[in-house]
Amino acid sequence: MLKLAVLISGGGSNLKALLDAAADPDFPAQIVCVGSDTEAPGLAYATAAGIPTFVVRPSDYDSREEWGQVLAAAIQEHGIGTGPHPGLVVSAGLMRILPAGFVRSFSPDLINTHPALLPAFPGAHAVRDALAAGATETGVTVHVIDEGVDTGPVLRQVAVPVLPGDTEDALHERIKREERPLLVQTVRDIARGELSLDAATSRS
Ligand code: GAR
């Protein structure tokens, strides 16, 4: 059973999809903790499922690296990133760039879901940027996190059309409808050994 730490910043619909999947005894992964950089509303999903949560705020630390060290320690307390079965850290709507030291602590067992077809539209405003660029297609990417911003090896992608008159919210919701099952499927494949993060990382 693959142990997961999930990191969120907002509503947590991707977290909810993982929790729902993990409620099936046949699902090969188990969420052992959920962390955030803020009092994210989505933490309530974890609490309702009896899963421990923690908040580590960047503003409480002198540097991003220091914040990353405390966040890493909070995850490692749950047995992730250590020992023969390091588990997996899933950034599912964490709206912060993870510092290099944090990435090195968990690499390559660290994935992110991003609402665009990377390498197009990296960063915090991917949906807005796709609309502003006049893209007719965007989508979702699940990728391994490296030390860059949304630059790590791509694991899975699904395209989503941009429709005339789309608002940022409407387009983001259409993306999320594809994103949730894609993230669940990607975690399932990693847990079953059908998708290797080592191999993905060494190809980059
Ligand atoms: C998701 O669409 C995720 O890809 C995005 O935030 C949303 C979180 O939704 N992440 C980023 O934009 C990171 N750059 P959720 O809180 O409903 O899961």
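Up top is the structure these notes are about.
Rules behind the numbers
- Residues numbered from 1 in each chain as written.
- Predicted model: local features only at pLDDT ≥ 70, side-chain atom pairs only at ≥ 80, totals over all residues.
- Heavy atoms only, no water.
- Core = buried A, V, L, I, M, F, W, Y, C linked by side-chain atoms within 4.5 Å.
- Buried < 20%, exposed > 50% of the residue type's maximum accessible area, 1.4 Å probe, protein only.
- Helix = DSSP H or I, 4+ residues; strand = E, 2+ residues; numbered from the N terminus.
- Contact = heavy atoms within 4.5 Å.
- Near = heavy atom within 4 Å.
- Polar contact = N/O pair within 3.5 Å; in protein donor to acceptor, adjacent residues only side chain to side chain.
- Areas by Shrake-Rupley, 256 points an atom, 1.4 Å probe, with all protein chains shown as cover.
- Nonpolar A, V, L, I, M, F, W, Y, C, P; charged D, E, K, R; others polar.

Draft legend 1. Broad picture of the nonpolar core. Counting residues in each nonpolar core, the largest one holds 38 residues, and the members touching the most others are Val 90, Ile 111 and Val 187. In terms of residue count, the dominant contributor to this core is helix H6 (residues 168-191) (seven residues). When neighbours within four sequence positions are excluded, Val 90 is seen to be in contact with Leu 4, Ala 5, Val 6, Leu 7, Leu 18, Ile 111, Leu 183 and Val 187. Among the nonpolar cores identified, the runner-up in size contains 20 residues, and Leu 7, Val 32, Leu 94 and Val 103 belong to it.

Draft legend 2. Structural view of the site of the ligand. Taken together, 14 residues lie around the ligand, and Gly 12, Ser 13, His 172, Lys 176 and Glu 179 are the ones closest in. Gly 11 is positioned with one of its backbone polar atoms (N or O) 3.4 Å from an oxygen atom of the ligand. Measuring from an oxygen atom of the ligand, one finds a side-chain N or O atom of Lys 176 at 2.8 Å. In the complex, 92% of the free accessible area of the ligand, which totals 460 Å², lies under the protein chains. Those elements that provide at least two residues to the shell around the ligand are helix H1 (13-22), strand E5 (110-114) and H6. Considering each element in turn, the shell around the ligand owes the most residues, three residues, to H6. Broken down by class, the residue content of the shell around the ligand amounts to two nonpolar, 10 polar and two charged.

Draft legend 3. Examining the side chain of Asn 112 more closely. Residue position: Asn 112 is located in strand E5. Engagement of the side chain of Asn 112 in a polar contact is seen with the side chain of Ser 91, the distance being 2.9 Å. Among the polar contacts listed, one links the side chain of Asn 112 to the side chain of Asp 150, at a separation of 3.4 Å. When neighbours within four sequence positions are excluded, Asn 112 is seen to be in contact with Ser 91, Thr 141, Val 142, His 143, Ile 145 and Asp 150.

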